[in-house]
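# Residue-level structural notes
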Amino acid sequence: HKVVFFRDQHLEPVHQVAFARRFGALTRAHPVVRGPLPDHPEGLGGEALLVKALLARGARPEWVVWNDPSADWTAYALIVLRCTWDYPERIDEFRAWVRSPAVATRLVNTPTLVLGNLHKGYLADLGELAVPTVVVPAGMTIDLTRLRWPSSVLKPAVGAGGVGAVRDASQADLDALTLAPEG
């Protein structure tokens, strides 16, 4: 599939999970600290294996929600991001959290890597190493037929999972997403 990403598309975490499940079992493409999903307090799968591996290496893993105001991030030697599903709705707060000295100095993946991957436009920069990608800014559109792709997947540029994605997208789908009054 080809992919087109959109800026400024805000989706709820629960909708991201529901949409992603329509395409099969959930996968963990990105390592992330558990996000505040009430129905999934320990993340969305694979966590037991991660905890087991960390315990075997002498670590004492603990699940902490990234935006928990009572968390003392200086108490941790390392921070591994896992399932931060709500970051798109709180993107500025999440960026500030990643950049905060207590977190930035402990992240397994550097702040530059984490922040650079929040917006899927990086895929366009990878050229032939990634799926062909076009970033369409909110308020604009392109003629999908000019891409000469057999099919397209439209997806928010900032988002988690498949929330907001449209498979086999049409020109009308693209225009509805990018030209919508709410942007």
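Structural notes, computed from the coordinates. Since this is a predicted model, take the numbers as computed values, not measurements. (Residues numbered from 1 in each chain as written. Predicted model: local features only at pLDDT ≥ 70, side-chain atom pairs only at ≥ 80, totals over all residues. Heavy atoms only, no water.)

### Quick look at the nonpolar core
Ranked by internal contacts, the top residues of the largest apolar core, which has 20 residues, are Phe 94 and Trp 97. Looking at this core, the elements that each hand over two or more residues are α3 (91-99) and α5 (111-116). Considering each element in turn, this core owes the most residues, four residues, to α3. Excluding its chain neighbours within four sequence positions, the residues that come into contact with Trp 97 are Trp 66, Trp 73, Ile 79, Leu 81 and Val 103. (Core = buried A, V, L, I, M, F, W, Y, C linked by side-chain atoms within 4.5 Å. Buried < 20%, exposed > 50% of the residue type's maximum accessible area, 1.4 Å probe, protein only. Helix = DSSP H or I, 4+ residues; strand = E, 2+ residues; numbered from the N terminus. Contact = heavy atoms within 4.5 Å.)

### Observations concerning the packing of aromatic side chains
For the structure on display, the rule yields six aromatic pairs. On the numbers, 5.0 Å between centres and 90 degrees between planes, the contact of Trp 66 with Phe 94 is edge-to-face. In this pair, Trp 66 is assigned in the loop between α2 (47-56) and α3 and Phe 94 in helix α3, connecting sequence segments 28 residues apart. Note on accessibility: Trp 66 and Phe 94 belong to one class, buried. Residues Tyr 87 and Phe 94 carry aromatic rings whose centres are separated by 5.5 Å and whose planes lie at 35 degrees to one another, so their mutual orientation is tilted. (Phe/Tyr/Trp six-rings, centres within 6.5 Å; stacked < 30°, edge-to-face > 60°.)

### Regarding α3
Taken together, the buried positions of α3 are Ile 91, Phe 94, Trp 97 and Val 98. Buried residues of α3, viewed axially, fall in a sector of 125 degrees; they line one side. Those residues of α3 that are exposed and aimed more than 90 degrees away from the buried face are Asp 92 and Arg 99. For α3, the secondary structure elements touched by its buried residues are α4 (101-104) and α5. (Arc of directions from axis to C-beta.)

### Here's the deal with the environment of Ala 77
Locating Ala 77 in the fold gives a position in the loop between α2 and α3. Between the C-alpha atoms of Ala 77 and Ala 59, which are 18 residues apart in sequence, the distance is 9.7 Å.

### Examining the side chain of Thr 178
Tracing the chain through its elements places Thr 178 in helix α7 (residues 171-178). Within the local environment of Thr 178, its side chain forms a polar contact with the backbone oxygen of Met 140, the two atoms lying 2.6 Å apart. (Polar contact = N/O pair within 3.5 Å; in protein donor to acceptor, adjacent residues only side chain to side chain.)

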